[in-house]
Amino acid sequence: MVRIPGGSFVMGSDRHYPEEAPAHRVEVDAFWIDRAPVTNAAFRRFVEATGHVTVAEVPPDPSQYPGARPEMLRAASLVFRKTRGPVDTRDWFQWWDLRAGADWRHPYGPGSNLVGLDEHPVVHVAYADALAYARWAGKDLPTEAEWEFAARGGLADAEYAWGDEFTPGGRHMANTWQGAFPYKNTAEDGWRATSPVGAFPPNGYGLLDMIGNVWEWTQDWFAPSHPADPAKPCCVPRNPRGAAEAASLDPAQPRIRIPRKVLKGGSFLCAPSYCRRYRPAARHPEPVDTSTCHVGFRCVARSARIPREEQG
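Residues numbered from 1 in each chain as written. Predicted model: local features only at pLDDT ≥ 70, side-chain atom pairs only at ≥ 80, totals over all residues. Heavy atoms only, no water.

A. Looking closely at the pattern of salt bridges. Scanning the model with the defined rule gives 17 salt bridges in all. For the salt bridge of Asp157 with Arg15, the shortest nitrogen-to-oxygen distance reads 3.8 Å. Of this pair, Asp157 sits in the loop between helix 3 (144-152) and strand 7 (215-221) while Arg15 is found in the loop between strand 2 (7-11) and strand 3 (24-28), placing the two residues 142 residues apart along the sequence. The closest approach of N and O atoms between Arg99 and Asp97, which form a salt bridge, is 2.8 Å. A relative accessible area of 23% means that Arg99 is categorised as partly exposed. Residues joined by salt bridges that share partners form a network here, namely Glu144, Glu148, Arg152, Lys264 and Arg283. (Salt bridge = Lys/Arg side-chain N within 4 Å of Asp/Glu carboxyl O. Helix = DSSP H or I, 4+ residues; strand = E, 2+ residues; numbered from the N terminus. Buried < 20%, exposed > 50% of the residue type's maximum accessible area, 1.4 Å probe, protein only.)

B. Representation of a nonpolar patch on the surface in the model. Nonpolar side chains collect at one region of the surface, where Trp92, Phe93 and Tyr274 lie side by side and expose about 320 Å² of accessible area between them. Within the fold, Phe93 resides in the loop between strand 5 (76-80) and strand 6 (96-100). (Patch = residues over 30% accessible without salt bridge, like charges linked within 9 Å, V, L, I, M, F, W, Y side chains within 5 Å. Areas by Shrake-Rupley, 256 points an atom, 1.4 Å probe, with all protein chains shown as cover.)

C. Fine view of the side chain of Thr143. With respect to the helices, strands and loops of the structure, Thr143 is situated in the loop between helix 2 (127-136) and helix 3. Those residues within four positions of Thr143 in sequence are excluded, and the remaining contacts are Thr218, Gln219, Asp220, Pro240, Arg241 and Arg302. (Contact = heavy atoms within 4.5 Å.)

D. Quick peek at unusual backbone geometry. Geometrically, the link from Ala21 to Pro22 is a cis peptide bond, its omega value of -10° lying close to zero. Take Pro22: it is sitting in the loop between strand 2 and strand 3. That bond from Phe181 to Pro182 is cis: its omega, 0°, falls within 30 degrees of zero. Take Pro182: it is sitting in the loop between helix 3 and strand 7. Of note in this structure, His124 is not a glycine but carries a positive phi near 60°. Note that His124 resides in the loop between strand 6 and helix 2. In this structure His124 comes out as buried when scored by relative accessible area, which is 0%.

E. Representation of the packing of aromatic side chains. Counting across every chain of the model gives 24 aromatic pairs. Arranged with centres 6.1 Å apart and planes meeting at 15°, the rings of Phe43 and Tyr133 form a pair that is stacked. One end of the pair, Phe43, is in helix 1 (residues 40-50); the other, Tyr133, is in helix 2, with 90 residues separating them in the sequence. Here Phe43 falls in the buried class, since its relative accessible area comes to 0%. Taken together, the ring pairs connect Phe43, Phe46, Trp104, Tyr133, Trp136 and Phe297 into an aromatic cluster. In this arrangement the basic side chain of Lys261 is found over the ring face of Trp221, its NZ or CZ atom lying 3.5 Å from the centre. (Phe/Tyr/Trp six-rings, centres within 6.5 Å; stacked < 30°, edge-to-face > 60°. Lys NZ or Arg CZ within 6 Å of the ring centre and 35° of its normal.)

F. Spotlight on the sheet that holds strand 9 (residues 284-287). Strand order across the open sheet formed by four strands is 9-8-7-10, with mixed pairing between neighbours. On the outer flanks of this sheet lie strand 9 and strand 10 (295-296), each paired with one strand and no other. As judged from the two bridges shared by strand 7 and strand 8 (residues 260-264), these two strands associate in the antiparallel manner. Paired with Glu216 across the two strands is Lys264, which belongs to strand 8. Of the strands in this sheet, strand 7 and strand 8 are in contact with helix 3, which crosses strand 7 at around 140°. (Pairing = 2+ DSSP bridges. Axes fitted to C-alpha atoms, helices over the stretch in contact; angles between N-to-C directions.)

G. Examining the side chain of Lys139 more closely. Relative to the helices and strands, Lys139 resides in the loop between helix 2 and helix 3. Owing to a relative accessible area of 8%, Lys139 belongs among the buried residues under this scheme. A polar side-chain atom of Lys139 sits 2.9 Å from a polar atom in the side chain of Asp34. (Polar contact = N/O pair within 3.5 Å; in protein donor to acceptor, adjacent residues only side chain to side chain.)

Next up, the structure:
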């Protein structure tokens, strides 16, 4: 883990997506954060030690999904599939497949495995899976403010975790999508899916893969915007914890009452032509019951001493 000193910073952005606004000042106390996302190897040790069964490995409870088709109520997880050509990017069903048998051990569904992927971030983990791992390791999941402060790496108002240029000198600084999403990935950065942690340069705090590779869970419930700055400068929020759970429900699905957490960091599927969320300020809502091939997590600790390391 890496110790982050804490301090005051401007969270969010007024220059991109509406959910990132308004930019506002907050304070966070010092904390520890994992240097990299939790890997398949580390998650395997957790499962072997605890017998944990992930959300993707359990059929959903029909009572939570009124009107759902029976074939949707099976143990499954979302897997990206490249389209054959241009599609309407407002319709994410074009490239997401709810694949039975896809889980953290089988990232592309039955027949796939983790051979050669030990040092890649674990994926197909829902919020409960990430939280269970964190508690087993004697840690916690980061708040959105902690995560964003750490991702900025000490840079006050930079667009990216490494500065204001996306590819400085032509160098790729994170695992993202190059080409026309969702049908053409030129893989100029060397990767079409997840990459091993540390394949790209660390940020100013020495943290790996804070941007790109996989989205990461945070503790905070999602709201469609940030709160504005307080009227008085004396009242800057300290260690903010996000919205209320009820505010996180998706208004587009009123019958399905599944709350949503904030994801941060973007993933290997973020493309300039579609999703410019490979920035510290970017955020995205994710239902707590959902797991995908591009969402993982890392842990934090807030005590004065670093907790025991789950690596043994």
